[in-house]
Amino acid sequence: MLNRIGQDWQRVRPELDAAPMLTGLLLDRLGSAFARHIEQTYSEEGINSSNWDLLLTLLRSAPPQGLTHTELSDLTAISGPSMTNRVMRLLDKGFVERVVSEKDRRSALVRLTPQGRELVERLLPQHIEREQQALSVLTNEELSVLTGIAMKLVEHLEVGTVGEGVGAQVGI
């Protein structure tokens, strides 16, 4: 497929170096294919990847009383309005709850409900297994190289020298 696209660009615009576009297309297809593979873990529960990420963040990073929307945004790189939308969806499903902060009555904390914790704990092994399956074609050395290259690109695109305001900072 990429060979055909490269040949088409060479035919239509021979002076054009299409290599960056082809690499971008390859990375986009990889990301989409990886996401589709992983989403099979939680899609039957009516959860999308953004909501799953939020549930995982609450499981791994939240103290028992929960996290504020700002803290969740910082840990997930989700903007305020998007965070509110995701929290509302999970509230509707009964997976999270909001509690008024004891420190600041104007602030609400978000935490997993017992139902939300049970869901994440039940699906987490399957999630990890799906990721392992997806990456199983790589040797340990290849996986290390891929991780290093991906980190380098993420740092460059999100906080590096690409340009002002490019990308959101994501905590991996």
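Just so you know, these numbers come straight off a predicted model, no measurement behind them.

Draft legend 1. Broad picture of the packing of helix H3 (residues 49–61) against helix H6 (residues 114–135). Remark: H3 packs on H6, axes separated minimally by 10 Å, with the N-to-C direction vectors making an angle of 105 degrees. Classified by the interaxial angle, the pair formed by H3 and H6 is roughly perpendicular. In contact with Trp-52, Leu-55, Leu-56 and Leu-59 of H3, H6 contributes Arg-117, Leu-119, Val-120, Glu-121, Leu-123, Leu-124 and His-127. By residue class, the composition of the contact of H3 with H6 is 8 nonpolar, 1 polar and 2 charged.

Draft legend 2. Quick peek at helix H4 (residues 69–76). Among the residues making up H4, those that are buried are His-69, Leu-72, Ser-73 and Thr-76. One face of H4 carries all of its buried residues, which in axial projection span an arc of 100 degrees. The outward face of H4, more than 90 degrees from its buried face, is lined by the exposed residues Thr-70 and Asp-74. Where H4 is buried, its residues touch H3, strand S1 (67–68), helix H5 (80–93), strand S2 (96–100) and strand S3 (108–112).

Draft legend 3. Region of the structure containing the pairing of S3. The sheet contact formed by S1 and S3 spans 2 bridges and is antiparallel. For Leu-67, the partnering residue across the bridge sits in S3 and is Val-110. By the bridge criterion, 5 bridges tie S2 to S3 in an arrangement that is antiparallel. Bridge pairing links Arg-98 to Val-110 in S3.

Draft legend 4. Expanded view of the packing of helix H1 (residues 2–12) against helix H2 (residues 19–39). As a packed pair, H1 and H2 sit with axes 10 Å apart at the nearest point and diverge in direction by 155 degrees. With respect to H2, the element H1 is oriented roughly antiparallel. Handedness of the H1/H2 crossing: right-handed. In this structure, H1 uses Leu-2, Ile-5, Gly-6 and Trp-9 to contact H2, whose residues at the interface are Met-21, Leu-22, Leu-25 and Leu-26. Partitioned by chemical class, the residues of the contact of H1 with H2 number 7 nonpolar, 1 polar and no charged.

Draft legend 5. The pattern of salt bridges, seen in detail. Per the stated rule, a full pass over the model turns up 6 salt bridges. In this structure, Arg-4 engages Asp-8 in a salt bridge whose closest nitrogen and oxygen atoms are separated by 3.0 Å. Placement of the pair is Arg-4 and Asp-8 together in helix H1, with a separation of 4 residues, close to one helical turn. In this structure, Arg-11 engages Asp-8 in a salt bridge whose closest nitrogen and oxygen atoms are separated by 3.6 Å. One end of the pair is Arg-11 and the other is Asp-8, both in helix H1 and 3 residues apart, which spans about a single turn. The class of Asp-8 is partly exposed, set by a relative accessible area of 24%. Counted as one network, the salt bridges with shared partners bring together Arg-4, Asp-8 and Arg-11.

What counts and what doesn't
- Residues numbered from 1 in each chain as written.
- Predicted model: local features only at pLDDT ≥ 70, side-chain atom pairs only at ≥ 80, totals over all residues.
- Heavy atoms only, no water.
- Axes fitted to C-alpha atoms, helices over the stretch in contact; angles between N-to-C directions.
- Helix = DSSP H or I, 4+ residues; strand = E, 2+ residues; numbered from the N terminus.
- Parallel < 35°, antiparallel > 145°, perpendicular 65-115°, else oblique.
- Contact = heavy atoms within 4.5 Å.
- Nonpolar A, V, L, I, M, F, W, Y, C, P; charged D, E, K, R; others polar.
- Buried < 20%, exposed > 50% of the residue type's maximum accessible area, 1.4 Å probe, protein only.
- Arc of directions from axis to C-beta.
- Pairing = 2+ DSSP bridges.
- Left-handed = near helix turned anticlockwise from the far one by under 90°.
- Salt bridge = Lys/Arg side-chain N within 4 Å of Asp/Glu carboxyl O.

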